[in-house]
Amino acid sequence: MDDTPPNVPQLLASAKRWFDDALHNSMRHSGEQPVTVAQAAVFAGLDAAGTSVAELARRIGTTRQSVHQAVHGLIGMGLLEQVPDPTSARNRLVRVTEEGARVHHKALRTIDAIERELATRIGHDAVTALRAALDQPWGTPPLIR
């Protein structure tokens with residue numbers, strides 16, 4: 001290829017992979033069952049009372065089939081369960097089990113530690129600026145012609 005520097009989407013994807021690898025490796029090293037990136041995304045998209053597979057797919061930006069597969073893997077690990085939706089006899093909600101809540105809280109603590117490690121590597125001001133930039137409302141995605 002050429003010597004063109006990476007663009008922002010490439011840099012964001014690389015940073016996401018760095019965090020995912022750090023979290024996955026840290027959790028596995030501490031004795032937790034390994035979860036895939038897709039399974040971790042399911043956890044991030046769940047509401048406390050439960051969320052439908054269709055809603056999870058919308059939030060994550062993937063297909064219902066992909067979410068369904070991730071959910072069933074997590075159910076098999078004892079981290080999630082499906083329960084009837086009290087507002088619809090046809091739907092089921094996915095929610096975290098007690099074990100899933102324990103693992104999720106551990107993952108959140110691990111992410112905090114990873115962020116602190118990043119701050120020691122690139123500087124606290126850089127991490128603060130990165131958070132501020134990513135937290136800004138970017139508006140509707142533009143249509144460039």
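Residues numbered from 1 in each chain as written. Predicted model: local features only at pLDDT ≥ 70, side-chain atom pairs only at ≥ 80, totals over all residues. Heavy atoms only, no water.

Draft legend 1. Structural context of the UniProt feature "domain: HTH marR-type" (unreviewed entry) in the protein chain. Mapped onto this structure's residue numbering, the UniProt feature "domain: HTH marR-type" (unreviewed entry) falls at residues 5–139. As a span, residues 5–139 carries 66% helix and 11% strand, and end to end its C-alpha atoms are 26 Å apart. (UniProt positions renumbered as here; feature names shortened; annotations may be inferred. Helix = DSSP H or I, 4+ residues; strand = E, 2+ residues; numbered from the N terminus.)

Draft legend 2. Structural detail: the pattern of salt bridges. Scanning the model with the defined rule gives ten salt bridges in all. The partner of arginine 102 in a salt bridge is glutamate 32, with the nearest N and O atoms 2.9 Å apart. Pair noted here: arginine 102 is in helix H5 (residues 98–122) and glutamate 32 is in the loop between helix H1 (8–29) and helix H2 (37–45), with a separation of 70 residues, a long-range link. Residue classification places arginine 102 among the partly exposed positions, given a relative accessible area of 38%. With its nearest N and O atoms 2.9 Å apart, the salt bridge here joins arginine 131 to glutamate 115. Of this pair, arginine 131 sits in helix H6 (residues 124–135) while glutamate 115 sits in helix H5, and the two are 16 residues apart along the sequence. (Salt bridge = Lys/Arg side-chain N within 4 Å of Asp/Glu carboxyl O. Buried < 20%, exposed > 50% of the residue type's maximum accessible area, 1.4 Å probe, protein only.)

Draft legend 3. Layout of the pairing of strand S1 (residues 80–85). As paired strands, S1 and strand S2 (residues 88–96) are joined by six bridges and run antiparallel to one another. Residue pairing for S2: glutamate 81 is matched across the bridge by arginine 95. Between S1 and S2, which follow one another and run antiparallel, lie two residues. (Pairing = 2+ DSSP bridges.)

Draft legend 4. Representation of the packing of aromatic side chains in the model. A complete count under the given rule lists one aromatic pair for this structure. Both rings, one in tryptophan 18 and one in phenylalanine 19, keep their centres 5.1 Å apart while their planes meet at 85 degrees; by these two values the pair is edge-to-face. Taking relative accessible area as the criterion, tryptophan 18 reaches 32% and is therefore assigned partly exposed. The exposure class assigned to phenylalanine 19 is partly exposed, which follows from its relative accessible area of 24%. (Phe/Tyr/Trp six-rings, centres within 6.5 Å; stacked < 30°, edge-to-face > 60°.)

Draft legend 5. Geometry of H5. Helix length check: H5, at 25 residues, gives a terminal C-alpha distance of 36 Å against a target of 36 Å (1.5 Å per residue), a fit within 8%. Contacts made by the buried residues of H5 are with H1, H2, S2 and H6. Looking one or two places after H5, you find glycine 123, whose phi comes out positive at around 105 degrees. (Expected span 1.5 Å × (residues − 1). Contact = heavy atoms within 4.5 Å.)

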